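Listed here are the chains, written in short residue letters.
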Amino acid sequence: MSLLEFENVNVYYEDFQALYDLNFKVEEGEIFACIGANGAGKSTMLKTVAGALVPRRGRILFDGQPIDHMPTYKRVEIGISSVPEGRRVFPSLTVHENLLIGAYRNRKGPWTTDTIYELFPLLVPLRKRQAAGLSGGEQQALAIGRALMANPRLILMDEVSLGLAPVVIKRIYDAFPTLLNNGTTILVVEQDVQHVMTVAGHVACFLEGRIKLEGRPSELTNEQITAAYFGV
Ligand code: ATP
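Presented here is an overview of the structure given in this document. On a predicted model such as this, the values are computed, not experimentally measured, just so you know. (Residues numbered from 1 in each chain as written. Predicted model: local features only at pLDDT ≥ 70, side-chain atom pairs only at ≥ 80, totals over all residues. Heavy atoms only, no water.)

Counting its regular elements, the protein chain contains nine helices and 10 strands. By its C-alpha atoms, the protein chain is 50 × 35 × 35 Å across when sized along the principal axes. Counting the 232 residues in the protein chain, one finds 53% classified as buried. In the protein chain, 69% of the contacts between residues at least 6 apart in sequence involve partners at least 24 apart. Total accessible area computed for the protein chain in this model is approximately 10,700 Å², and 51% of it derives from carbon and sulfur atoms. A distance of 6 Å separates the average location of the 23 positive side-chain charges in the protein chain from that of its 25 negative side-chain charges. (Helix = DSSP H or I, 4+ residues; strand = E, 2+ residues; numbered from the N terminus. Buried < 20%, exposed > 50% of the residue type's maximum accessible area, 1.4 Å probe, protein only. Contact = heavy atoms within 4.5 Å. Areas by Shrake-Rupley, 256 points an atom, 1.4 Å probe, with all protein chains shown as cover. Lys, Arg positive; Asp, Glu negative; His and termini not counted. Charge placed at Lys NZ, Arg CZ, Asp CG, Glu CD.)

Here you go:
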């Protein structure tokens, strides 16, 4: 059984259809990356998994169980946790307090403040600092750490590398194998195609609300990806 399954999922913003008959499966223990141009529907897909949007038709299964009408907090309880777009953290709280908030619907699992600080040592000297003063990369590490504190089986990440320096992006991506080893599956939306192709087990390229191309990175050529990305 797949960890996450989309079955003919159609999502609308009022009259505007953003996702068309979306079908895909994410297997436990993999990094599944979604790429595609602005407006292709990637964030909409993630919001639908998190529970912020409800499909008008079709359904979403998590570990075989339909979740499309489950409220967001329940999804967190069964193991779906999001790193929000724009790496939102609570600015007036300290780094440590931000992490503790992530554990408010605590599930049993490997992630504690200690293991998060091990994963992102850059956060250790900042633990008593207000999150407002952190750099973009530090905020991203904190946002990921906070999401992990819920001990998710599936973590959703939107635009992980947006606006970050290459060295910082590398640090974030270097943490991914540790997540997988700890039993966390990763569903990531990414603009940085080159980078994500080196880590993902599976890539789906979105175009105008549909998946135009899907497969293992090693099976896809640059020409195919470019064609799917731009819809040529
Ligand atoms: P980006 O990288 O720009 O976030 P994306 O692939 O994540 O792109 P979405 O944000 O999912 O794309 O947007 C898909 C479509 O839905 C776009 O046409 C967008 O304009 C539209 N859309 C997104 N949010 C809303 C909203 N709140 N109300 C109406 N339309 C929306």
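That covers the picture; the talk isn't over yet.
Time to look at the sheet that holds strand 6 (residues 80-83). Ordered by their spatial adjacency, six strands build an open sheet running 6-7-8-3-9-10, and the pairing between neighbours is mixed. In the strand order of this sheet, the two ends are held by strand 6 and strand 10 (210-215), each with one partner. Taken over all neighbouring pairs, the strand axes of this sheet differ in orientation by 20° on average, direction set aside. Pairing of strand 9 (residues 202-207) with strand 10, which is carried by five bridges, proceeds in the antiparallel orientation. Looking at the pairing, Cys205 lines up with Leu213 of strand 10. Strand contacts of helix 9 (residues 222-230): strand 3 (31-36), strand 9 and strand 10, with the helix running at about 35° to strand 9, the strand carrying the most contacts. (Pairing = 2+ DSSP bridges. Axes fitted to C-alpha atoms, helices over the stretch in contact; angles between N-to-C directions.)

Before going further, it helps to examine the sheet that holds strand 5 (residues 65-66). Spatial ordering of the open sheet is given by 2-1-4-5, a layout of four strands whose pairing is antiparallel. Strand pairing shows two members of the sheet lacking a second neighbour, strand 2 (16-26) and strand 5, which therefore form its edges. Both strand 4 (residues 57-62) and strand 5 contribute to a ladder of two bridges, which runs antiparallel. Considered in strand 5, the bridge of Leu61 is made with Pro66.

Below, the discussion takes up the packing of helix 3 (residues 95-102) against helix 5 (residues 136-148). Two elements in contact, helix 3 and helix 5, have axes separated by 7 Å at closest approach and are oriented at 30°. Like other packed secondary-structure pairs, helix 3 and helix 5 cross with a definite hand, here right-handed. Touching Val95, Asn98, Leu99, Ile101 and Gly102 of helix 3 are Leu142, Gly145 and Arg146, all from helix 5. (Left-handed = near helix turned anticlockwise from the far one by under 90°.)

Before going further, it helps to spend a moment on the site of the ligand. Taken together, 14 residues lie near the ligand, and Gly39, Gly41, Lys42, Ser43 and Thr44 sit nearest. One of the backbone nitrogen or oxygen atoms of Gly41 is found 2.8 Å away from an oxygen atom of the ligand. A distance of 3.3 Å separates an oxygen atom of the ligand from a polar side-chain atom of Gln191. When the ligand is considered free in solution it has 620 Å² of accessible area, and contact with the protein chains removes 62% of it. Listing elements by their share of the shell around the ligand, those giving two or more residues are strand 2 and helix 1 (42-50). The element contributing the most residues to the shell around the ligand is helix 1, with three residues. (Near = heavy atom within 4 Å. Polar contact = N/O pair within 3.5 Å; in protein donor to acceptor, adjacent residues only side chain to side chain.)

Right, let's talk about helix 9 for a bit. Taken as a whole, helix 9 has its buried residues at Ile225, Ala228 and Tyr229. When helix 9 is viewed along its axis, its buried side chains cluster within an angular range of 100° and face the same direction. Turned more than 90 degrees from where helix 9 packs its buried face, Glu223 and Phe230 sit exposed. Immediately beyond the C-terminal end of helix 9, within one or two residues, lies Gly231, with a positive phi of roughly 70°. (Arc of directions from axis to C-beta.)

Among the secondary structure elements, Gln140 is positioned in helix 5. Classification of Gln140 by relative accessible area gives buried; the value is 2%. Reaching out from Gln140, the side chain makes a polar contact with the backbone oxygen of Val160 at a distance of 2.8 Å. Setting aside anything within four residues of it in sequence, one finds Gln140 in contact with Val83, Arg87, Glu159, Val160, Leu164 and Ile172.

Our next topic: the environment of Asn23. When you line up the elements, Asn23 lands in strand 2. Put simply, Asn23 and Arg59 are 36 residues apart on the chain and 9.6 Å apart in space, counted from C-alpha to C-alpha. When sequence neighbours within four positions are dropped, the list of residues in contact with Asn23 reads Phe6, Glu7, Asn8, Ile211 and Glu214. A polar atom in the side chain of Asn23 sits 2.9 Å from the backbone nitrogen of Asn8. For Asn23, the side chain forms a polar contact with the main-chain oxygen of Asp21, separated by 3.4 Å.

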